[in-house]
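Single-letter residue listing:
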Amino acid sequence: MRISEEFGGKMPFYLTYPMSNVYLTEKEYEKDMERMKELYPKRMKELLAYVEEECDKMEYEGSMMFDEYPDRVLLFKTANDIYDNAMVLTQTDRSGKGRDRDLLDVIQVLLYDEMYRRRGRRRRCCRKWW
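Residues numbered from 1 in each chain as written. Predicted model: local features only at pLDDT ≥ 70, side-chain atom pairs only at ≥ 80, totals over all residues. Heavy atoms only, no water.

Asker: Which residues make up the environment of Asp113, and what values do they have?
Answerer: Mapped onto the fold, Asp113 is located in helix α6 (residues 101–125). On a C-alpha basis, the gap between Asp113 and Val51 in space is 9.8 Å, while along the polypeptide they are 62 residues apart. Those residues within four positions of Asp113 in sequence are excluded, and the remaining contacts are Met33 and Tyr40. (Helix = DSSP H or I, 4+ residues; strand = E, 2+ residues; numbered from the N terminus. Contact = heavy atoms within 4.5 Å.)

Asker: Explain the confidence of the model for the protein to me, and be specific about the residues and the numbers.
Answerer: In this model, the protein carries a mean pLDDT of 81, and residues with pLDDT of at least 70 account for 73%. Put simply, helix α1 (residues 3–6) is where the protein has its lowest mean pLDDT, 60, and helix α4 (residues 42–58) is where it has its highest, 92. (pLDDT = per-residue confidence, 0-100.)

Asker: Account for α6, naming residues and giving values.
Answerer: Spanning 25 residues, α6 covers 36 Å between terminal C-alpha atoms, matching the ideal 36 Å at 1.5 Å per step. Listed in full, the buried residues belonging to α6 are Leu103, Leu104, Ile107, Gln108, Leu110, Leu111, Glu114, Met115, Arg117, Arg118, Arg119 and Gly120. (Expected span 1.5 Å × (residues − 1). Buried < 20%, exposed > 50% of the residue type's maximum accessible area, 1.4 Å probe, protein only.)

Asker: So what's going on with the packing of α4 against α6? Which residues, and what values?
Answerer: The packing of two helices is summarised by the inter-axis angle and the distance between the axes. Where α4 meets α6, the axes come as close as 9 Å, and the angle between the chain directions of the two elements is 50°. Judged by the inter-axis angle, α4 sits oblique to α6. Crossing handedness for the pair α4 and α6: right-handed. Taken together, the residues of α6 that come into contact with α4 (itself represented by Arg43, Met44, Leu47, Leu48, Val51, Glu52, Cys55, Asp56 and Met58) are Leu103, Val106, Ile107, Leu110, Leu111, Glu114, Met115 and Arg118. Of the residues in the contact of α4 with α6, the class split is 12 nonpolar, no polar and 5 charged. (Axes fitted to C-alpha atoms, helices over the stretch in contact; angles between N-to-C directions. Parallel < 35°, antiparallel > 145°, perpendicular 65-115°, else oblique. Left-handed = near helix turned anticlockwise from the far one by under 90°. Nonpolar A, V, L, I, M, F, W, Y, C, P; charged D, E, K, R; others polar.)

Asker: Explain the pattern of salt bridges to me, and be specific about the residues and the numbers.
Answerer: All told, the structure shown has 18 salt bridges when counted by the stated rule. Residues Glu30 and Arg117 are paired through a salt bridge, measuring 3.1 Å at the closest nitrogen-oxygen approach. Of this pair, Glu30 sits in helix α3 (residues 22–37) while Arg117 sits in helix α6, and the two are 87 residues apart along the sequence. You can call Glu30 partly exposed: its relative accessible area is 22%. With a closest N to O distance of 2.6 Å, Glu59 and Arg121 form a salt bridge. Here Glu59 is found in the loop between α4 and α5 (72–90), whereas its partner Arg121 is found in helix α6, with 62 residues between them in sequence. By relative accessible area, Glu59 is classed as partly exposed at 31%. (Salt bridge = Lys/Arg side-chain N within 4 Å of Asp/Glu carboxyl O.)

Shown next, in the form of structure tokens:
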């Protein structure tokens, strides 16, 4: 028996525009992302913790994270701050010769990836409908 037949040939209003369950879809994306993060190498997981902490600080209304065109200089400064925090707390910068450019590049990639993920989540779940 079809739904329209069940209701006397008319479709009930609440079935005419079915709401997609955005919350459950987003939770599934988050679970999948966590599964993928478990595959990261140990050092990248440690760096990602610093990146996530910094992104948590930037996740507020009006933040540069959610600008349409984020400022490249501020993002580079943020990556440098993350590098400094990671090196001081883990004490792996033994050479004293300056920054490890490859490690700074990895931190930038992790930062931009995390920002992209959070911007997408905000776009999908927190958009205004008016």
